[in-house]
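# Working through the structure, step by step
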Amino acid sequence: MGRRLAGVCVLLLMSLPACGQGGRQPGGELGAVGDVREGFTVGLLLPDEGPDRPLFTRALASLCPRCHVQYANAAGDWARQGRQIGRMLGDGVRVLVLGAVDPGAAAPWVARAKLSGAKVVAYDRLANGPVDAYVATDPARVGREQALALLGAMKTAGPVVLLNGPATDPYAVTVKRAMHAVLDGRVTIGWERDLTRPGEAAREVTTAVAALGGAAKVAGVCCASDTVAEAVAAEMARAGMTGVPLIGHGGRPAAPGRAGAGTQTATVRPDVAAEAAAAARLAVEVAGGRTVYGTAVVANGTTVSIPAVLVPPAVVTKAPARGAPAPGAAPGQGTRSH
């Protein structure tokens, strides 16, 4: 009997939150790490520079005037981002909004954050590990809109070239699946590769054109990002592929200009302002220990039933008028660089 009671005591002790690792905050819910009335710090970790920071800061201030944003830009370096996460946790930050450079590589850092009692909102890319919530442009809608834009611009049924994102990125995998759901059976896919880096794009286009019998044989090209599309457009120009449909994603500042010049047919642009606003709301809700609801539930390979807010994208087929924001962009704000 004594042994049983000891076991029960151990279980009860294990279930109690450690100091500084959640529990019931004054005025908060069970599992809360921050109180809106007192304010708290939110760590915003982005893979590169873009319009997200001011949009997120403004949205958070409207929900939690006393809250503070601690910002870090990884400049595309996943190891650097890991160090930034470690520093924020060491500073006592217990709410992280994480735009992962490499979703797979982020898993141990997300796990460390959870062991520290922090809440993690995955932003724009679904990081692996025990994240609490996720917000991004709807990848299924992105893939569908890219495929429809390609179909609408093609003059023949193929072959087409598809340059997808990394096979290890759940977002890229969903985009690819949605694209195939539209294209399969309607066009001939002559060449397809999952790129690990945008720098591989030019070589893949050159190889694809040669394998398909020359530039005149290619009926269209669809790229995982406008970074890839930028490299592909330059290679297509060198190969004399004028008028061949080229579709991108991400809304890089130069993409609408290429669309206006006819060197890129369309780009599928994220609504960064809507994403930032949703991320701010989720950050406040997870900090308060409240149940989080989204528009969908997703899994990242390590965690199931992650509440997600998936924002519809916008399709841009020409440059906006001077001084006017493109669809999905907030007035006075730029676009993401990926």
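These remarks concern the structure in this document. This structure is a prediction, so every number in the text was calculated from the model and none was measured.

Moving on, we come to the overall build of the protein chain. Each helix and strand counted, the protein chain has ten helices and 13 strands in total. The contacts of the protein chain with a sequence gap of at least 6 include a subset with a gap of at least 24, amounting to 68%. In the structure as shown, the protein chain presents an accessible area of about 15,200 Å², 57% of it carried by carbon and sulfur atoms.

On to the packing of aromatic side chains, then. Within this structure, the stated rule accounts for zero aromatic pairs. Stacked on the ring of Trp191, the Lys or Arg Arg193 has its end atom at 4.0 Å from the ring centre.

The next point concerns the pattern of salt bridges. Across all of its chains, the model carries ten salt bridges by this definition. The salt bridge partner of Asp35 is Arg37, with a shortest N-O separation of 3.6 Å. Between Asp132 and Lys114 there is a salt bridge whose closest N-O contact spans 2.8 Å. With Asp132 in the loop between β4 (119-123) and β5 (133-137) and Lys114 in helix α4 (residues 107-115), the pair connects residues that are 18 residues apart, well separated along the chain. Connected through shared salt-bridge partners, Asp124, Arg125 and Asp169 make up one network.

What follows is about the state of the cysteines. By the definition in use, this model includes one disulfide. At a sulfur-sulfur separation of 2.0 Å, the disulfide partner of Cys64 is Cys67. Residues Cys64 and Cys67 are joined through a disulfide that is right-handed, its torsion about the S-S bond being 70 degrees. In this model Cys222 remains outside any disulfide bridge; the closest cysteine sulfur is found in Cys223, 6.7 Å from its own.

With mixed pairing, the seven strands of this open sheet are ordered in space as β2-β1-β3-β4-β5-β12-β11. The open sheet has two free edges, formed respectively by β2 (68-73) and β11 (296-298), since each of these has just one partner strand. Put simply, the sheet's adjacent strands are angled 25 degrees from each other on average, direction ignored. Looking at chain direction, strand β1 (residues 41-46) and β2 are connected through six bridges and run parallel. Across the sheet, residue Gly43 finds its bridge partner in β2, namely Gln70.

Reading across the sheet, the six strands line up as β7-β6-β8-β9-β10-β13 and stay open at both edges, with mixed pairing between neighbours. Each edge of the open sheet is held by one strand with a lone partner, namely β7 (189-194) and β13 (314-316). Each strand of the sheet is rotated relative to its neighbour by a mean of 15 degrees, with strand direction disregarded. Judged from the three bridges that link them, strand β10 (residues 266-269) and β13 form a sheet pairing that is antiparallel. The residue of β13 that forms the bridge with Arg269 is Ala314. The strands that helix α5 (residues 139-153) touches are β6 (160-164), β8 (220-223), β9 (246-249), β10 and β13; relative to β9, the one it contacts most, it runs at about 165 degrees.

If you look at the biggest cluster of nonpolar residues, it comprises 42 residues, and the most contacted ones within it are Leu96, Leu98, Val131, Tyr134 and Leu150. Of all the elements, helix α6 (residues 170-183) adds the most residues to this core, at five residues. The contact partners of Val131, leaving out residues within four places of it in the chain, are Val110, Val120, Ala122, Leu126, Asn300, Thr303 and Ile306. Ranked by size, the runner-up nonpolar core spans 32 residues in total, among them Val33, Phe40, Val135 and Ala278.

Our next topic: α5. Taking 1.5 Å of rise per residue, 15 residues should cover 21 Å, and α5 covers 21 Å from first to last C-alpha, within 8% of that figure. Pro139, Val142, Gly143, Gln146, Ala147, Ala149 and Leu150 are the residues of α5 that are buried. Along the long axis of α5, the arc covered by the buried residues comes to 160 degrees, so they all point the same way. Two or three places before Ala140, at the opening of α5, Asp138 has a side-chain oxygen 3.1 Å from that residue's backbone nitrogen.

A few words on the packing of helix α3 (residues 78-90) against α4. Between α3 and α4, whose axes approach to 10 Å, the crossing angle comes to 5 degrees. As judged from the angle between their axes, α3 and α4 are roughly parallel. Contact with α3, carried on its side by Gly82, Arg83, Ile85, Gly86 and Leu89, involves Trp109, Arg112 and Ala113 of α4 and no other residues of that element. Broken down by class, the residue content of the contact of α3 with α4 amounts to four nonpolar, two polar and two charged.

For helix α7 (residues 201-211), every residue scored as buried is listed here: Ala201, Glu204, Val205, Ala208 and Val209. The arc enclosing the buried residues of α7, seen along the axis, measures out at 130 degrees, which places them on a common side. The exposed residues of α7 that point more than 90 degrees off its buried face are Ala210 and Ala211. Tucked into the core, α7 has its buried residues touching β6, β7 and α8 (226-238). After α7 finishes, the residue Gly213 shows a positive phi value of roughly 100 degrees.

Reading the values: the criteria
Residues numbered from 1 in each chain as written. Predicted model: local features only at pLDDT ≥ 70, side-chain atom pairs only at ≥ 80, totals over all residues. Heavy atoms only, no water. Helix = DSSP H or I, 4+ residues; strand = E, 2+ residues; numbered from the N terminus. Contact = heavy atoms within 4.5 Å. Areas by Shrake-Rupley, 256 points an atom, 1.4 Å probe, with all protein chains shown as cover. Phe/Tyr/Trp six-rings, centres within 6.5 Å; stacked < 30°, edge-to-face > 60°. Lys NZ or Arg CZ within 6 Å of the ring centre and 35° of its normal. Salt bridge = Lys/Arg side-chain N within 4 Å of Asp/Glu carboxyl O. Disulfide = S-S within 2.5 Å. Pairing = 2+ DSSP bridges. Axes fitted to C-alpha atoms, helices over the stretch in contact; angles between N-to-C directions. Core = buried A, V, L, I, M, F, W, Y, C linked by side-chain atoms within 4.5 Å. Buried < 20%, exposed > 50% of the residue type's maximum accessible area, 1.4 Å probe, protein only. Expected span 1.5 Å × (residues − 1). Arc of directions from axis to C-beta. Polar contact = N/O pair within 3.5 Å; in protein donor to acceptor, adjacent residues only side chain to side chain. Parallel < 35°, antiparallel > 145°, perpendicular 65-115°, else oblique. Nonpolar A, V, L, I, M, F, W, Y, C, P; charged D, E, K, R; others polar.

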